[in-house]
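Examination of the molecular architecture
Next come the chains, spelled out residue by residue.
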Amino acid sequence: MPSVDGENALSPNPSPARGRGEQNESLRDSHVKADPHPASGCDLLIVNVDLATMSAPQGYGEIRDGALALSAGRIGWVGRRSDLPAGIRAADTFDGNGGWITPGLIDCHTHIVYAGNRSSEFEARLNGATYEEIAGAGGGIMATVRATRAASEAQLLHQSLPRVRSLLAEGVTTLEIKSGYGLTLESEAKMLRVARTIGALLAVDVKTTFLGAHALPPEYAGRADAYIDAVCGDMLPALAAEGLVDAVDAFCENIGFTPAQTERVFAAAQRLQLPIKLHAEQLSNQNGAALVARHDGLSADHLEYLSEAGIAAMAQHRTVAVLLPGAYYFLRETRLPPVQALREAGVPIAIATDCNPGTAPLTSLLLAMNMACTLFRLTPQEALAGATSIAAQALGIASETGSLVVGKHANLALWDIGHPSELSYAIGFNPCRAAFQRGILRQNKPVEAA
Ligand code: DI6
Ligand code: FE
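Remember, predicted model here, so these are calculated numbers, not experimental data. As a convention, each chain's residues are numbered from 1 in the sequence order in which they are written. Each chain is given a letter, starting from A, and each ligand a number, starting from 1, according to the order in which they appear as written. In keeping with the model being predicted, local features are shown solely for residues with a pLDDT of at least 70 and side-chain atom pairs are shown and tallied solely at 80 or more, while totals for entire chains, interfaces and linings include all residues. Excluded from the side-chain calculation are hydrogens and water; included are all heavy atoms of the structure.

**Points about the overall build of the chain**
A tally of regular secondary structure across the chain gives 16 helices and 15 strands. Based on C-alpha atoms, the radius of gyration is set beside the globule rule, defined as 2.2 Å times the residue count to the power 0.38. Relative to the compact-globule value of 22 Å for 450 residues, the chain shows a C-alpha radius of gyration of 21 Å, a close match. When its C-alpha atoms are laid out on the principal axes, the chain stretches across 70 × 45 × 45 Å. Pairs at least 24 apart in sequence give 73% of the contacts found in the chain among residues at least 6 apart. Secondary structure is summarised from DSSP: a helix means a run of H or I of at least four residues, a strand means a run of E of at least two, and numbering begins at the N terminus for each. A contact between two residues is defined here by any heavy atoms of the two lying within 4.5 Å.

**Section: the pattern of salt bridges**
Just to be clear on terms, a salt bridge is a Lys or Arg side-chain nitrogen sitting within 4 Å of an Asp or Glu carboxyl oxygen. Here the structure, examined in full by the defined rule, presents 17 salt bridges. Across the pair Arg 438 and Asp 205 runs a salt bridge, and its minimum N-O distance is 3.0 Å. With Arg 438 in the loop between strand E14 (432-437) and strand E15 (440-443) and Asp 205 in strand E7 (residues 205-213), this pair connects stretches of sequence that are 233 residues apart. Summarising the burial analysis for this pair, Arg 438 and Asp 205 share the class buried. A salt bridge links Arg 264 to Asp 229; the nearest nitrogen and oxygen atoms lie 2.2 Å apart. With a 1.4 Å probe rolled over the protein chains alone, any residue whose accessible area is under 20% of its type maximum counts as buried; one over 50% counts as exposed, and the rest are partly exposed.

**Considering the coordination of the iron ion (ligand 2)**
Any two of four tetrahedral donors ideally make an angle of 109.5 degrees at the metal, while pairs among six octahedral donors ideally make 90 or 180 degrees. Bound to the iron ion (ligand 2) are the protein donor atoms His 109 (NE2), His 111 (NE2), His 279 (NE2) and Asp 354 (OD), situated 2.1 to 2.2 Å from the metal. Here a donor is an N, O or S atom found within 2.8 Å of the metal, or within 3.2 Å if the metal is Na, K or Ca; sites may look incomplete because water is not among the atoms. All donors of the iron ion (ligand 2) come from a single chain, and their spacing in sequence reads H-x1-H-x167-H-x74-D. His 111 carries the same exposure label as His 109, and that label is buried.

**Quick word on the site of ligand 1**
Note on terminology: near, applied to a residue and a molecule or strand, indicates that one of the residue's heavy atoms is within 4 Å of it. All residues adjacent to ligand 1 are Arg 118, Ile 141, Tyr 181, His 214, Phe 251, His 279, Gln 282, His 302, Asp 354, Asn 356, Gly 358 and Thr 359. Note that an oxygen atom of ligand 1 is positioned 2.8 Å from one of the side-chain N or O atoms of Arg 118. Here a nitrogen atom of ligand 1 sits 2.9 Å away from a polar atom, N or O, in the side chain of Gln 282. In isolation ligand 1 exposes 320 Å². Once the protein is present, 94% of that is buried. In this analysis the probe radius is 1.4 Å and the grid spacing 1 Å, with only protein atoms considered; a cavity is a set of points the probe fits into but cannot get out of, a pocket is an open set with protein on both sides within 12 Å along at least five of seven lines, and lining residues have an atom within 4 Å of a point. In this scheme, a molecule is assigned to a cavity or pocket if more than half of its atoms are within 2 Å of the grid points. The cavity that encloses ligand 1 is the largest pocket. Polar here means any residue other than Ala, Val, Leu, Ile, Met, Phe, Trp, Tyr, Cys and Pro, which are nonpolar, and Asp, Glu, Lys and Arg, which are charged; Gly is therefore polar. A per-class count over the shell around ligand 1 returns 3 nonpolar, 7 polar and 2 charged. In protein, a polar contact requires one atom able to donate a hydrogen and another able to accept it; more generally it is a pair of N or O atoms within 3.5 Å, and residues adjacent in sequence count only if both atoms are side-chain atoms. Note on areas: these come from Shrake-Rupley sampling with a 1.4 Å probe, and a residue is covered only by the protein chains present in the view.

**A look at the pairing of strand E6 (residues 172-178)**
Within E6, 7 of the 7 residues are buried, which leaves it mostly tucked inside the rest of the structure. Here, strands pair whenever DSSP counts at least two bridges between them. As judged from the 3 bridges shared by strand E5 (residues 105-107) and E6, these two strands associate in the parallel manner. Bridged to Leu 105 within E6 is Val 172. By convention, orient the strands away from the viewer: a clockwise path from the first strand over the helix to the second makes the crossover right-handed. On the question of chirality, the crossover connecting E6 to the parallel E7 by way of helix H6 (residues 185-202) is right-handed.

**Some points on the layout of surface pockets**
Grid points are joined across faces, edges and corners, and a volume is the space filled by probe spheres set on the points. Taken as a whole, the largest pocket spans an internal volume of roughly 670 Å³. Surrounding the largest pocket, 27 residues form its lining, Tyr 131, Ile 141, Phe 251, Ile 255 and Thr 359 being those nearest its centre. Where the lining of the largest pocket is concerned, the elements lending two or more residues are helix H2 (119-126), helix H3 (131-136) and helix H4 (141-150). Computed from the structure, the second largest pocket encloses a volume of approximately 530 Å³. Around the second largest pocket sit 23 residues that line it, and Pro 57, Gln 58, Pro 348, Ile 349 and Ile 390 are the ones nearest its centre. When contributions to the lining of the second largest pocket are tallied by element, the ones reaching two or more residues are helix H14 (380-386) and helix H15 (389-394).

**Describing the nonpolar core**
Ranked by internal contacts, the top residues of the largest apolar core, which has 107 residues, are Cys 108, Leu 175, Ile 198, Val 245, Leu 303 and Met 314. Setting aside its immediate chain neighbours within four residues, Ile 198 contacts Val 113, Leu 157, Ser 160, Leu 161, Val 164, Ile 177, Ala 203, Val 204 and Val 206. For this analysis, a nonpolar core means a set of buried residues of the types Ala, Val, Leu, Ile, Met, Phe, Trp, Tyr and Cys, connected via side-chain atoms within 4.5 Å. Of all hydrophobic cores here, the second largest spans 16 residues; its members include Leu 44, Ile 46, Ile 63 and Ala 410.

**Observations regarding the sheet that holds E5**
Sheet architecture is open: 8 strands sit in the order E5-E6-E7-E8-E9-E10-E11-E12, paired in parallel fashion. On the outer flanks of this sheet lie E5 and strand E12 (349-351), each paired with one strand and no other. Here the strands of the sheet are splayed against their neighbours by 25° on average, with no regard to which way each runs. Those strands touched by H6 are E6 and E7, and its axis lies near 170° from that of E7. Lying over the sheet, helix H8 (residues 259-271) contacts E7, strand E8 (247-252) and strand E9 (277-280), oriented at roughly 175° with respect to E8. Only C-alpha atoms enter the line fits that serve as axes; for helices the fit covers just the stretch in contact. Angles between N-to-C directions range over 0 to 180 degrees.

**Describing the packing of helix H5 (residues 153-168) against H6**
Two numbers describe how H5 lies on H6: the axes approach to 10 Å, and their chain directions differ by 50°. Judged on the interaxial angle alone, H6 and H5 are oblique. Crossing handedness for the pair H5 and H6: right-handed. For the pair H5 and H6, the contacting residues are Glu 153, Leu 156, Leu 157, Ser 160, Leu 161, Val 164, Arg 165 and Leu 168 in the first and Lys 190, Met 191, Arg 193, Val 194, Thr 197, Ile 198, Leu 201 and Leu 202 in the second. Residue composition of the contact of H5 with H6, grouped by class: 10 nonpolar, 2 polar and 4 charged. An angle below 35 degrees is read as roughly parallel, one above 145 as roughly antiparallel, one from 65 to 115 as roughly perpendicular, and any other as oblique. Note on convention: the crossing is left-handed when the near helix lies turned anticlockwise from the far helix by less than a right angle, right-handed when the turn is clockwise.

Okay, structure coming up:
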């Protein structure tokens with residue numbers, strides 16, 4: 001089998017994305033053209049599995065009794081076992097024991113690095129306290145900002161790792177991690193360094209997103225524009241120069257930042273050729289989705305209050321809609337994102353956990369998929385696409401991962417299921433037996449005796 005490229009070692013932190021995150025397109029194309037009919041050997045041949053390739057816009061891309069050949073951390077061959085090229089030699093063979101292989105899951109929207117938690121706030125609310133009372137007492141998002149600023153880098157890492165491990169146990173091979181609980185250069189850098197360390201320590205692919213425009217820090221009370229000056233002029237350039245930023249996000253909301261302030265953040269990102277995304281239309285319609293679409297952003301996320309004009313702009317610019325049913329559930333939101341209109345307009349829909357201490361203390365992407373079906377009426381097929389191929393699009397890495405296609409990273413999840421619809425159907429059950437991260441096996445569970 002030909003070597004598909006020189007990037008054969010597991011390197012969880014590839015160089016920062018450019019443009020829409022699809023940098024080095026010509027280089028990538030050379031990967032994709034890796035010989036689909038390897039004449040000789042590969043590192044690992046996986047057999048005795050059914051495959052959900054998720055490689056077409058519709059359907060699971062099912063291949064019964066399939067096979068996958070992995071070489072140098074990438075997929076070298078995929079198809080029916082009976083079609084395996086004669087004479088293929090593998091250094092090793094992996095028996096999938098009749099399980100299903102899907103692309104490794106991708107959690108494309110998380111705030112998983114933070115210190116402390118807000119369970120006391122949760123309890124106080126259930127005892128009758130109002131959100132205003134809690135915020136007035138210094139709670140809410142600022143409580144997490146204080147805890148995150150006060151934590152050392154080691155403490156922040158130590159507190160975040162178990163949450164990431166929970167995702168990994170469910171076959172997640174790529175996750176996005178946002179900053180946004182530091183709100184100073186120093187503490188935003190600390191969060192993003194922790195995100196990079198998580199990628200290296202747990203051997204998972206991490207994409208970092210700078211969310212300096214998440215909330216107004218108390219030092220800037222009443223001076224939001226001055227804070228945006230600091231975000232655009234000081235924080236973002238310094239963090240990008242350190243290689244800590246793969247994308248840029250903002251919270252465009254009446255309790256966040258205005259469209260005009262958001263647009264300044266986008267301009268700063270685009271000066272640095274960084275892709276953008278946006279928390280848009282979560283609590284009100286600010287026309288944020290149309291704004292990020294017009295700037296050729298990767299995704300607009302949340303979208304409960306998305307308008308028809310927003311949908312049209314997203315469809316026109318192929319902006320991914322990232323739906324976050326965990327936040328909808330936890331906030332007991334009643335306004336649904338316009339799923340049917342998004343579908344009809346052909347807007348790609350991704351699903352993510354939004355893991356954060358305030359509105360979605362959720363570390364299960366499978367549960368987010370189930371909620372996407374039960375609460376938002378996605379089909380199980382749409383939910384799986386939303387957590388694989390379309391999630392990759394939302395991160396600008398669809399040419400590298402998210403489906404079982406020759407040349408892409410061998411990021412795979414192996415499940416003890418009879419059909420992939422079970423992944424969205426079960427509640428609180430984890431059938432993930434193993435995962436492959438760039439071709440390297442991560443065993444999650446022993447094989448059950450038949
Ligand atoms: N939207 C959310 O739901 C979270 N951030 C955001 O922009 C809330 C974050 C928190 O409450 O800690
Ligand atoms: Fe979020």
